[in-house]
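# Residue-level structural notes
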Amino acid sequence: MGENMRFSSAELERYDRQIRIKSLGKSGQSKLKKARVMVAGAGGLGCPASLYLVAAGMGYVAIVDKETVELSNLNRQVLHWGDDVGRLKSVSTVEKLRQLNPEVKVEAVPENITSNNARKLVSGFTVVVDGLDNWRTRFILNKACVKEKVPFVHAGIYSLYGQITTILPGKGPCLQCILPKTPPEEEKFPVLGATAGILGLLEALETIKIITGLGEPLVGRMLHFDGETVGFQEIRVERRRDCPVCGSKREA
Ligand SMILES: [Zn+2]
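The model shown is predicted, which means the values in this text are computed figures rather than measured ones.

Summarising the metal site, the zinc ion is bound by the protein donors Cys174 (SG), Cys177 (SG), Cys243 (SG) and Cys246 (SG), whose distances to it range over 2.3 Å. Coordination at the zinc ion is tetrahedral, judged from the 4 donor atoms that bind it and the angles of 94 to 120° they form at the metal. In primary sequence terms, the donor set of the zinc ion follows C-x2-C-x65-C-x2-C.

What follows is the structure, encoded as structure tokens:
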């Protein structure tokens, strides 16, 4: 991965402060420019995650979401503004991201993620970011990423709490290893926007680390955030040999 991409003088100026990070540099910026990132869900997590990913200069970002903006989304889904109510979230997000950074190719994909299309959707991406609000689709996406060997950054939020982990297929546990039983679904659960923002930005950070090789990703570690005390707690998580998605001793 020695060869650096060519940057315009505008790009060098735009990314100057992060190129100054010694362990990132121009070679890290080149990796970001080559990266293809899928953000699944343009909601409370997907908005802040995609905002900072596009600001950092990915090559291509796809925003996958079929829903339309509702007034009750606006406390946390910060790329959707008053006039966007009733519009497609993917389109609303892409519009803002293009204004922020026209160097990045950003595309709206107004589709639902299902077990039929998930593998095709994630194929070819460098990283997939979990911006979803339900466990059923998260497990579909986890499985698709494991099968296609695409790194998957998971986060979830509830009220003032959040959790995040990074799944590198073949290198650590997948989401199904960590949560063998699907947690209960709740359609309209409480969320404070600031909590979603914190977890979404941690997802952007993890994504940038995976792409550039910077630091140590949250592989085999689930980080829990408690907004009431502003405490972070890390729990070790392990791969299960009998995991139906990634285990070596899968039952047929
Ligand atoms: Zn697994």
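Now that the structure has been shown, we can carry on.
A few words now on the environment of Glu107. Along the chain, the position of Glu107 falls in strand 3 (residues 105–109). Sequence separation of Glu107 and Val64 is 43 residues, and the distance between their C-alpha atoms is 8.6 Å. When near neighbours in sequence (up to four residues on either side) are disregarded, Glu107 contacts Tyr60, Val61, Ala62, Ile63, Val94 and Arg98.

This part covers the side chain of Thr165. Relative to the elements of secondary structure, Thr165 occurs in strand 6 (residues 161–167). In terms of polar contacts, Thr165 uses its side chain to reach the backbone carbonyl oxygen of Arg221, at 2.7 Å. Those residues within four positions of Thr165 in sequence are excluded, and the remaining contacts are Phe152, Val153, His154, Ile178, Leu218, Arg221 and Met222.

On to the nonpolar core, then. Judged by nonpolar contacts, the single largest core of 36 residues is most densely connected at Val37, Leu53, Met58, Val61 and Ile63. Of all the elements in the fold, those that place two or more residues in this core are strand 1 (36–40), helix 4 (46–56), strand 2 (60–64), helix 5 (89–100), strand 4 (127–130), strand 5 (152–158), helix 9 (193–212) and strand 7 (221–226). Excluding its chain neighbours within four sequence positions, the residues that come into contact with Met58 are Leu32, Lys33, Ala35, Val37, Leu53, Val104, Ile208 and Ile211. Within the second largest apolar cluster, 33 residues are counted, among which are Leu121, Val150, Leu179 and Val245.

Burial of the side chains of strand 4 extends over both faces: Val127 and Val129 are buried on one face and Val128 and Asp130 on the other. Bridge count between strand 1 and strand 4: 4 bridges; the pairing is parallel. For Val37, the partnering residue across the bridge sits in strand 4 and is Val127. Two elements, strand 4 and strand 5, share 2 bridges in a ladder whose sense is parallel. Among the inter-strand pairings, Val129 is bridged to a residue of strand 5, identified as Val153. This β-α-β element, strand 4 to helix 7 (residues 135–148) to strand 5, shows right-handed connectivity.

Okay, the sheet that holds strand 1 next. Here we have 8 strands laid out as an open sheet, ordered 3-2-1-4-5-6-7-8, and mixed in their pairing. In this open sheet, the two edge strands, each paired with only one partner strand, are strand 3 and strand 8 (231–236). If you compare each strand with its neighbour and ignore which way they point, the axes differ by 15° on average. Looking at chain direction, strand 2 and strand 3 are connected through 5 bridges and run parallel. Its bridge partner being in strand 3, Val64 is matched across the sheet by Val109. Its contacts with the sheet place helix 7 against strand 1, strand 4, strand 5 and strand 6, and it is angled at close to 170° to strand 5.

Rules of the game
Residues numbered from 1 in each chain as written. Predicted model: local features only at pLDDT ≥ 70, side-chain atom pairs only at ≥ 80, totals over all residues. Heavy atoms only, no water. Donors = N, O, S within 2.8 Å, 3.2 Å for Na, K, Ca; no water. Tetrahedral: all angles 85-135°; square planar, octahedral: opposite > 155°, others 65-115°. Helix = DSSP H or I, 4+ residues; strand = E, 2+ residues; numbered from the N terminus. Contact = heavy atoms within 4.5 Å. Polar contact = N/O pair within 3.5 Å; in protein donor to acceptor, adjacent residues only side chain to side chain. Core = buried A, V, L, I, M, F, W, Y, C linked by side-chain atoms within 4.5 Å. Buried < 20%, exposed > 50% of the residue type's maximum accessible area, 1.4 Å probe, protein only. Pairing = 2+ DSSP bridges. Right-handed = clockwise from strand over helix to strand, strands pointing away. Axes fitted to C-alpha atoms, helices over the stretch in contact; angles between N-to-C directions.

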